[in-house]
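One letter stands for each residue in the lines below.
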Amino acid sequence: MTSSKLSKADFNALSEFRYQMRRFERFSEDVVQTQGITPLQYLLLLHIKGYPGRDWATVGELAERLQAKHHGVVALITRCEAMGLVERRHSAIDRRRVEVHLLRQGETILARLAEQHRVELLSLEGVFTIPTIRHE
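The following paragraphs examine the structure supplied in this document.

Reading the values: rules and limits
Residues numbered from 1 in each chain as written. Predicted model: local features only at pLDDT ≥ 70, side-chain atom pairs only at ≥ 80, totals over all residues. Heavy atoms only, no water. Buried < 20%, exposed > 50% of the residue type's maximum accessible area, 1.4 Å probe, protein only. Helix = DSSP H or I, 4+ residues; strand = E, 2+ residues; numbered from the N terminus. Pairing = 2+ DSSP bridges. Contact = heavy atoms within 4.5 Å. Polar contact = N/O pair within 3.5 Å; in protein donor to acceptor, adjacent residues only side chain to side chain. Axes fitted to C-alpha atoms, helices over the stretch in contact; angles between N-to-C directions.

With that settled, the discussion passes to the pairing of strand β3 (residues 98–102). The buried fraction of β3 amounts to four of the five residues, a majority that puts the element mostly inside the structure. Across three bridges, strand β1 (residues 56–58) lies against β3 in antiparallel orientation. Counterpart to Ala57 in the pairing with β3 is Val100. Pairing geometry for strand β2 (residues 86–90) and β3, over five bridges, is antiparallel. The partner of Val86 across the bridge, within β3, is Leu102.

Now for the environment of Glu99. Inspection of the secondary structure puts Glu99 in strand β3. As for Glu99 and Trp56, which are separated by 43 residues in sequence, their C-alpha atoms are 6.2 Å apart. Not counting chain neighbours up to four residues away, the residues in contact with Glu99 comprise Trp56, Ala57, Glu87, Arg88, Arg89 and Ser91. A polar contact is formed between the side chain of Glu99 and the side chain of His101, at a distance of 2.8 Å.

Before going further, it helps to examine the sheet that holds β1. Two pairing modes exist for strands in a sheet, parallel and antiparallel, and in both the strands are linked by backbone hydrogen bonds. The antiparallel open sheet is built from three strands, whose spatial order is β1-β3-β2. Two strands close off the open sheet at either side, each with one partner strand: β1 and β2. Averaged over all pairs of adjacent strands, the angle between their axes in this sheet comes to 35°, without regard to strand direction.

Time to look at the environment of Glu64. Take Glu64: it is sitting in helix α3 (residues 59–66). When its relative accessible area of 54% is taken as the criterion, Glu64 is described as exposed. Distance from Glu64 to Val86, taken between C-alpha atoms, is 18 Å for residues 22 residues apart in sequence.

Here it is, written out as structure tokens:
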């Protein structure tokens, strides 16, 4: 698809979508920092708690969710461990697998932040929509 096939309305829709997405990200960055953690630490906590089918995730699964390199996620987990937010445990089934679990402090911070994010998302209902871009 080339830019000559997109209409002005398509560019407006794409621009508005990116603007609303960035506004939400900025809200998230600001509210997360009030809890003494970084936006990336919040995402780590969220992805651990939100991992489908269980309340923990492996380092590899978290790297995929964060779209980050494995070694970077290991360093992030180490920082969160030092803050008392998460802990690593060897799997009872496969000792080679390391599970990352939330600790009580991580759960508390995550619950508080998730509620603030939920309220913000509800306020964006009807404003933050995925644009329809048609190929001509």
